Amino acid sequence: MPRKVKHRKWHKGRLKGTASARATLSFGKYGLKATENCWVTARQIESARRAMSRFIKRGGKIWIRIFPDKPVTQKGEQSTMGSGKGPVDHYVAVIKPGMILFEMDGITEDVAKQAMLLAAHKLPTKSKFIVK
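None of these values were measured; they are calculated from a predicted model.

Novice: Hey, could you run me through the pairing of strand β1 (residues 30-34) in this one?
Specialist: Successive residues of a regular strand alternate their side chains across the two faces of the sheet. The element β1 is extensively covered by neighbouring structure, given that 4 of its 5 residues are classed as buried. Note that β1 and strand β6 (residues 100-105) share 4 bridges and pair antiparallel. Along β6, the bridge assignment pairs Leu-32 with Phe-102. Both β1 and strand β7 (residues 127-131) contribute to a ladder of 5 bridges, which runs antiparallel. Directly across from Tyr-30, in β7, lies its bridge partner Val-131.

Quick look at the structure:
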């Protein structure tokens, strides 16, 4: 969850186009690159991070290149049509094809590939392992 946002509720937006920012490896030697559009929740990011760090046993360094700053609202279960937009339920990160999701360094390639594969299973998008 972001500390401060300019607007409490945002429009949904449209999932289209390719990534212009965060499209190249900047910190680590290995990365996980998204190949399709999606929204990734904060819980999914945390789940992927835990899977990676448990597999590498605190061996290397992990960089998370995405941050969930888009608020998603949810209306109550029994509410009728109308009566405005619901309260903020959770936050998501907007993912576009070509965006680097995670980076890793300080471990061997086969260990990094296996760790990234475990993380990819936790995410709602197709992704591929890349090497610098």
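Novice: Looking at this structure, how should I read helix α1 (residues 42-56)?
Specialist: Because the α-helix completes a turn every 3.6 residues, residues three or four places apart line up on one side. Under the 1.5 Å per step criterion, the end-to-end length of α1 is 21 Å for 15 residues, consistent within 8% with the ideal 21 Å. Here α1 has its buried residues at Ile-45, Ala-48, Ala-51, Met-52, Ser-53 and Ile-56. Tucked inside the fold, the buried residues of α1 contact β2 (38-41), β3 (61-64), β5 (88-95), β6 and α2 (109-121). Two residues or fewer after α1 comes Lys-57, characterised by a positive phi angle close to 50°.

Novice: Honestly, the sheet that holds β5 in this entry has me stumped. Any pointers?
Specialist: Sheet strands pair by backbone hydrogen bonding; their relative direction is either parallel or antiparallel. The 3 strands are arranged β2-β5-β4 in an open sheet whose pairing can be described as antiparallel. Each edge of the sheet is formed by a strand with only one pairing partner; in this case those strands are β2 and β4 (70-73). Across the sheet, the mean angle separating the axes of adjacent strands is 50° when strand polarity is ignored. In the sheet, β2 pairs with β5 via 4 bridges, with the strands oriented antiparallel. If you follow Thr-41 over to β5, its bridge partner there is Val-92. Sheet strands touched by α1: β2 and β5. Its angle to β2, the strand with the most contacts, is close to 70°.

Novice: Looking at this structure, I do not really get the sheet that holds β7. What am I missing?
Specialist: Read across the open sheet, the 4 strands follow the order β3-β6-β1-β7; overall the sheet is antiparallel. Each having just a single partner strand, β3 and β7 make up the two edges of the open sheet. Averaged over all adjacent pairs, the angle separating strand axes in this sheet is 20°, with direction ignored.

Novice: How should I be thinking about a positive patch on the surface in this particular structure?
Specialist: A contiguous patch of positive charge, built from Lys-12, Arg-14, Lys-16 and Lys-85, is present on the exposed surface. Taking relative accessible area as the criterion, Lys-85 reaches 46% and is therefore assigned partly exposed.

Novice: What exactly am I supposed to notice about the nonpolar core here?
Specialist: A general tendency of soluble globular proteins is for nonpolar side chains to be buried together. One finds Ile-95, Leu-101, Phe-102 and Met-104 to be the most contacted residues of the largest nonpolar core, which totals 24 residues. Taken together, the elements giving at least two residues each to this core come down to β1, β2, α1, β5, β6 and α2. Per-element tally for this core: the top contributor is α2, with 5 residues.

Novice: Mind showing me how you'd approach the pattern of salt bridges here?
Specialist: Think of it this way: side chains of opposite charge can pair up when their charged atoms draw near. All told, the structure shown has 3 salt bridges when counted by the stated rule. Measuring nitrogen to oxygen at the nearest pair gives 2.7 Å for the salt bridge that ties Glu-46 to Arg-49. Of the two residues, Glu-46 and Arg-49 are both situated in helix α1; the distance of 3 residues between them amounts to about one turn of the helix. The salt bridge involving Arg-50 is made with Glu-46; its shortest N-O contact spans 3.7 Å. Of this pair, Arg-50 and Glu-46 both sit in helix α1, separated by 4 residues, roughly a single helical turn. Given a relative accessible area of 45%, Arg-50 falls into the partly exposed group.

Parameters and conventions
- Residues numbered from 1 in each chain as written.
- Predicted model: local features only at pLDDT ≥ 70, side-chain atom pairs only at ≥ 80, totals over all residues.
- Heavy atoms only, no water.
- Buried < 20%, exposed > 50% of the residue type's maximum accessible area, 1.4 Å probe, protein only.
- Helix = DSSP H or I, 4+ residues; strand = E, 2+ residues; numbered from the N terminus.
- Pairing = 2+ DSSP bridges.
- Expected span 1.5 Å × (residues − 1).
- Contact = heavy atoms within 4.5 Å.
- Axes fitted to C-alpha atoms, helices over the stretch in contact; angles between N-to-C directions.
- Patch = residues over 30% accessible without salt bridge, like charges linked within 9 Å, V, L, I, M, F, W, Y side chains within 5 Å.
- Areas by Shrake-Rupley, 256 points an atom, 1.4 Å probe, with all protein chains shown as cover.
- Salt bridge = Lys/Arg side-chain N within 4 Å of Asp/Glu carboxyl O.
- Lys, Arg positive; Asp, Glu negative; His and termini not counted.
- Charge placed at Lys NZ, Arg CZ, Asp CG, Glu CD.
- Core = buried A, V, L, I, M, F, W, Y, C linked by side-chain atoms within 4.5 Å.

Shape descriptors only; they carry no functional weight alone.
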